[in-house]
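# Residue-level structural notes
If you want the building blocks of each chain, they are given just below.
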Amino acid sequence: MKVNEYLKNKLSQGAVHVTLIDPTRQSPEASARLAETAQEVGSDLIFIGGTPGTSQRNLMEAVDLIKKRVAIPVIFFPSGTDTISLNLDAVLYLSLLNSRNSQYVSGAHARVALLLKRLEIEVIPVGYVLVEPGMKLGEVGDVDLVSRDNFWSAIGYALAAEFMGMSYVYLEAGNGAAQPVPAGMIRAVKRELSIPLIVGGGIRTAIDARRVRQAGADIVVTGTVIENAGYRERLRSILSALKE
Ligand code: 1GP
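To keep things clear, this report deals only with the structure shown in the data block. Computed from a prediction, not measured in an experiment: that's the story for all the values here. Within every chain, residues take consecutive numbers counted from 1 along the sequence as written. For a predicted model such as this one, the threshold for reporting local features is a pLDDT of at least 70, and the threshold for listing and counting side-chain atom pairs is 80 or more; totals across whole chains, interfaces and linings nevertheless cover every residue. As a convention, hydrogens and water are excluded, and side-chain values are obtained from all of the structure's heavy atoms.

### Here's the deal with the site of the ligand
Note the cut-off: Any residue with a heavy atom positioned within 4 Å of a molecule or strand is treated as near that molecule or strand. Identification of polar contacts relies on pairs of N or O atoms within 3.5 Å, with a donor-acceptor requirement for protein atoms, meaning one able to donate a hydrogen and the other able to accept it, and with residues adjacent in sequence counted only if both atoms are side-chain atoms. Here, Shrake-Rupley sampling with a 1.4 Å probe gives the accessible areas, and only protein chains in the shown set may cover a residue. Each helix is a run of DSSP H or I of at least 4 residues and each strand a run of E of at least 2, with the numbering of both proceeding from the N terminus. Put simply, Ala, Val, Leu, Ile, Met, Phe, Trp, Tyr, Cys and Pro go in the nonpolar bin, Asp, Glu, Lys and Arg in the charged bin, and everything else, Gly too, in the polar bin.
Close to the ligand lie 15 residues, the nearest being Tyr170, Glu172, Asn175, Gly223 and Thr224. Within the side chain of Glu172, an N or O atom sits 2.8 Å from an oxygen atom of the ligand. With respect to the ligand, the backbone of Gly176 contributes an N or O atom lying 2.8 Å from an oxygen atom. In isolation the ligand exposes 310 Å². Once the protein is present, 99% of that is buried. At the level of elements, strand 6 (168–172) and strand 8 (219–222) are the ones that each hand at least two residues to the shell around the ligand. Grouping the constituent residues of the shell around the ligand by class yields four nonpolar, nine polar and two charged.

### Digging into unusual backbone geometry
Where the residue is not glycine, phi is negative for most of them; where a peptide bond is considered, it is trans in most cases. Keep this limit in mind: Burial classes follow relative accessibility: with a 1.4 Å probe on protein chains only, a residue under 20% of its type's maximum area counts as buried, one over 50% as exposed, and anything between as partly exposed.
Between Glu132 and the following residue, Pro133, the backbone shows a cis peptide bond with an omega angle of 10°. Here Pro133 is to be found in the loop between strand 5 (123–130) and helix 5 (135–140). Phi at Glu120 takes a positive value of approximately 60°, unusual for a residue other than glycine. In this structure, Glu120 sits in the loop between helix 4 (102–119) and strand 5. Taking relative accessible area as the criterion, Glu120 reaches 71% and is therefore assigned exposed. Positioned with a positive phi, Asp142 is a non-glycine residue whose angle comes to about 45°. Of note, Asp142 is situated in the loop between helix 5 and helix 6 (151–163). You can call Asp142 partly exposed: its relative accessible area is 33%.

### Considerations on the nonpolar core
For the record, the criterion: The definition of a nonpolar core used throughout is a set of buried Ala, Val, Leu, Ile, Met, Phe, Trp, Tyr and Cys residues joined through side-chain atoms within 4.5 Å. Pairs of residues are marked as contacts when any of their non-hydrogen atoms sit within 4.5 Å.
Core analysis: the largest hydrophobic core is formed by 83 residues, its most contacted members being Phe47, Ile48, Tyr170, Leu171 and Val199. If we skip the residues at most four places from it in the chain, Tyr170 touches Phe47, Phe77, Leu94, Val126, Gly127, Tyr128, Val129, Ile198, Val199, Gly200 and Val221.

Structure representation (structure tokens):
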């Protein structure tokens, strides 16, 4: 089944949870173990990637091992255009809408478009909107961050993504952010949007996850949680908050 269909089907049943695994933080074997735990506690998808510096070998080995161990789809979360694996189920085609650098909006995308087509890899078009604090991506991506109290700006970018024909909007507070995107902002965006809303960054606890979900996130992404001790239980409680 195509990932887009799988996602539509999951979304029709309720909240979707994604575990983001950064393959640069551990060995491919350890990445695969994290993916197994994620699947076991009820995660619906794996995103792999996230930070620059992934080597081609590391990515390929991690994806190959993860694909051997889990049945849920494995989707590439690219941080550049220099690595790819043929074993991926899909690639997020993330346009960073509030970057001042056109490379992040559409330039890099144009460079890899034909390659992705020839490789017959499913692409998932996403309008990616970075909200304060934005973390590392805010700096490297030369982003005009949406400030946490500027709901109008968030709504504007989200609707722009919808009008441009993208399949999803992704509100991102940044990898390792101290707090998630504000609930009020998620609510304001969700009220205007007709396409599914992904929210990630800074979601560490069941309370965070519940708040983000209740505000209107359709898909909730967590990353850093699995890098800390006790992650299995933490992830389990996030999942039960989302699926209750
Ligand atoms: C995915 O960047 C996030 O949207 C992940 O952020 O590591 O803070 O969970 P965390």
